[in-house]
Amino acid sequence: MNQVIFKENIGKNGKKIAEIILNSERYLNALTLEMVNQIEEQLEKWTNSDVLAVILDGAGDKAFCAGGDVVSVRENIKNRGPEYAETFFAREFILDYNMHNYKKPIICWGSGIVMGGGMGLMNGCNFRVVTETSRLAMPETAIGYYPDVGGSYFLNKVPKPFGLFLGVSGSPINGIDAIDLNLADFFLANSQKGRLIDRLCSADLGNQKTETIVQNVLSDLQFESEAVKKEQTGKIKLHADFIRSAMNQNSLSEAFDIILSARIKDIWFEKMQNSLSYGSPLSALIVEKQLIVSEKMPLWDIFKLEMILTGQFVRNREFPEGVRAKLVDKDNKPKWTFKTIEQVDFGIVDSFFRPPWEVNPLDKLIAI
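To keep things clear, this report deals only with the structure shown in the data block. (Residues numbered from 1 in each chain as written. Predicted model: local features only at pLDDT ≥ 70, side-chain atom pairs only at ≥ 80, totals over all residues. Heavy atoms only, no water.)

Digging into the overall build of the chain
Across its full length, the chain carries 17 helices and nine strands. At 20 Å, the chain has a C-alpha radius of gyration in line with the 21 Å of a compact globule built from 368 residues. Seen through its C-alpha atoms, the chain measures out along the principal axes to roughly 65 × 50 × 40 Å. For the chain, buried positions account for 56% of its 368 residues. For the chain, long-range pairs separated by at least 24 residues make up 74% of all intrachain contacts whose partners lie at least 6 apart in sequence. (Helix = DSSP H or I, 4+ residues; strand = E, 2+ residues; numbered from the N terminus. Rg over C-alpha atoms; globule rule 2.2 N^0.38 Å. Buried < 20%, exposed > 50% of the residue type's maximum accessible area, 1.4 Å probe, protein only. Contact = heavy atoms within 4.5 Å.)

Next comes the structure, spelled out in structure tokens:
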């Protein structure tokens with residue numbers, strides 16, 4: 001079975017609307033190194049072709065992409081050291097960066113679960129579509145890691161302090177929240193995916209730019225899905241004032257105390273409290289510094305910074321232990337290096353921002 005399916009739909013004047021479909025439904029379309037390499041190669045082939053635009057989607061109804069295959073990454077760290085892990089993440093970062101700079105519009109159909117590596121792919125696209133089933137998150141602190149794949153970039157585009165909140169809590173949001181928080185551009189109904197392809201194929205090109213054509217098609221479809229959108233309620237929106245006040249405390253420790261001590265009867269809020277209390281305290285403080293350090297960096301420098309953080313995480317016990325507890329043994333009992341934020345050694349936090357090698361792996365790869 002092909003892990004990625006590539007299609008070309010014939011449109012007006014011989015122009016094509018291409019599709020990239022992540023095809024690992026059983027694993028919620030989680031990214032493997034092979035999938036990353038296949039997508040990169042195909043995008044390169046389409047660069048100078050008669051493809052007008054690209055639609056990125058996931059097979060099945062459950063997920064666009066639930067992240068990277070970190071179970072395999074952990075196994076390789078355990079058996080062969082950090083080299084494979086660094087190769088996987090470096091190739092993934094290069095793909096995300098190149099998507100941000102691709103010469104043709106890419107539309108992400110972000111329905112179902114969109115987490116981790118899926119968020120990286122989605123935010124590399126020009127047009128980010130969410131639906132009534134979308135569930136977006138950067139849940140890396142739950143596995144002793146940090147929001148990578150450009151998280152330093154797109155979480156800083158979220159109105160403060162909600163980018164930091166999403167990064168440290170790993171809490172999922174729905175499509176309405178994603179629109180409100182600048183993590184998505186269009187809300188469409190799941191049933192409109194076929195219509196999106198049909199209308200792009202039948203669009204009258206005229207003298208308009210491709211981006212304008214895509215924008216108009218998506219805008220029309222969004223207007224038609226207004227009834228579906230009105231049935232949705234943002235999860236963050238209900239608690240925005242409380243979260244804003246809590247996250248604006250003098251320290252992350254104080255913010256956590258306020259959020260975790262709150263007694264609010266709401267299923268989403270209670271699940272968020274559980275995920276906040278579960279995650280690695282070391283990861284949480286690294287995320288806080290990550291977003292501060294990267295705030296004004298150019299995109300390529302952001303990915304190089306994230307490669308440094310990744311290089312440290314794959315050499316540290318926190319990440320393999322987090323993956324073990326959540327995804328391998330599934331006992332949900334991680335033995336974090338520090339039990340609370342107050343106990344975290346800030347010298348260790350700082351050490352994660354120092355390169356573990358003389359040459360950054362991304363410098364060895366060619367970017368656009």
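Still to come is the rest of the account.
Side note on the pattern of salt bridges
Counted according to the given criterion, the structure contains 16 salt bridges. Close ionic contact of Glu321 with Arg324 constitutes a salt bridge, the shortest N to O distance being 2.9 Å. Taken together, the positions of Glu321 and Arg324, both in helix α16 (residues 318–328) and three residues apart, correspond to about one turn of that helix. Across the pair, Arg324 and Glu321 agree in class, each one buried. Through salt bridges that share partners, Glu321, Arg324, Asp329 and Asp331 make up one connected network. (Salt bridge = Lys/Arg side-chain N within 4 Å of Asp/Glu carboxyl O.)

Considerations on the layout of surface pockets
The space that makes up the largest pocket amounts to roughly 930 Å³. Lining of the largest pocket is provided by 38 residues; of these, Ala66, Val70, Pro139, Ile143 and Leu327 occupy positions nearest its centre. Elements with a contribution of two residues or more to the lining of the largest pocket: α2 (70–80), α3 (83–100), β6 (113–115), α13 (267–278) and α16. When its residues are assigned to classes, the lining of the largest pocket shows 19 nonpolar, twelve polar and seven charged. (1 Å grid on protein atoms, 1.4 Å probe; cavity = no way out; pocket = protein on both sides within 12 Å on 5 of 7 lines; lining within 4 Å. Points joined across faces, edges and corners; volume = space filled by probe spheres on them. Nonpolar A, V, L, I, M, F, W, Y, C, P; charged D, E, K, R; others polar.)

Some remarks on the sheet that holds strand β9 (residues 186–187)
Here we have six strands laid out as an open sheet, ordered β1-β2-β3-β5-β7-β9, and mixed in their pairing. The open sheet has two free edges, formed respectively by β1 (4–10) and β9, since each of these has just one partner strand. One ladder, built from three bridges, connects strand β3 (residues 51–58) with strand β5 (residues 106–110); its direction is parallel. For Leu56, the partnering residue across the bridge sits in β5 and is Cys108. (Pairing = 2+ DSSP bridges.)

A look at a nonpolar patch on the surface
A surface patch of nonpolar side chains, amounting to about 190 Å² of accessible area, comprises Val71, Leu327 and Val328. Within the secondary structure, Leu327 sits in helix α16. (Patch = residues over 30% accessible without salt bridge, like charges linked within 9 Å, V, L, I, M, F, W, Y side chains within 5 Å. Areas by Shrake-Rupley, 256 points an atom, 1.4 Å probe, with all protein chains shown as cover.)

Quick look at the side chain of Asn123
Structurally, Asn123 is set in helix α4 (residues 117–123). On the basis of relative accessible area, Asn123 is assigned to the buried category, the value being 6%. Within the structure, the side chain of Asn123 is placed 2.8 Å from the backbone oxygen of Met119, a separation counted as a polar contact. Excluding residues within four positions of it along the chain, Asn123 makes contact with His100, Arg128, Phe154 and Leu183. (Polar contact = N/O pair within 3.5 Å; in protein donor to acceptor, adjacent residues only side chain to side chain.)

Some thoughts on the pairing of strand β7 (residues 127–130)
Where burial is concerned, the two faces of β7 agree: the one with Phe127 and Val129 and the one with Arg128 and Val130 are both buried. In this sheet, β7 lies alongside β5 in parallel orientation, the contact comprising four bridges. Bridging from a neighbouring strand, Gly110 pairs with Val130 of β7. As paired strands, β7 and β9 are joined by two bridges and run parallel to one another. Bridge pairing links Val129 to Phe186 in β9.

Let's talk about the environment of Asp180
Considering the arrangement of structural elements, one finds Asp180 in helix α7 (residues 175–180). Each C-alpha atom of the pair Asp180 and Val158 lies 8.9 Å from the other, and the pair is 22 residues apart in sequence.

Structural notes on the sheet that holds β6
Within the open sheet, the three strands sit side by side as β4-β6-β8. Their pairing is parallel. Each edge of the sheet is formed by a strand with only one pairing partner; in this case those strands are β4 (63–65) and β8 (135–137). Strand-to-strand, the axes of this sheet are offset by a mean angle of 15 degrees, without reference to chain direction. Across three bridges, the pairing between β6 and β8 is parallel. By the bridge assignment for β8, Met115 is matched with Ala137. (Axes fitted to C-alpha atoms, helices over the stretch in contact; angles between N-to-C directions.)

A few points about helix α8 (residues 193–202)
Structural remark: α-helix, 3.6 residues per turn; residues separated by three or four positions point the same way. Buried within α8 we find Leu196, Ile197, Leu200 and Cys201. For α8, the angular spread of the buried residues around the axis is 125 degrees, confining them to a single face. Its buried side turned inward, α8 meets β1, β2 (16–22), β3, β5 and α9 (210–224). (Arc of directions from axis to C-beta.)

Here's the deal with the packing of α2 against α16
At a minimum axis distance of 10 Å, the contact between α2 and α16 shows a crossing angle of 130 degrees. Here α2 lies oblique to α16, going by the angle between them. Crossing geometry of α2 relative to α16 is assigned as left-handed. Note on element contacts: α16 touches α2 through Phe319, Pro320, Val323, Arg324, Leu327 and Val328, opposite Val70, Val71, Val73, Arg74 and Ile77. Taken together, the residues of the contact of α2 with α16 break down into nine nonpolar, no polar and two charged. (Parallel < 35°, antiparallel > 145°, perpendicular 65-115°, else oblique. Left-handed = near helix turned anticlockwise from the far one by under 90°.)

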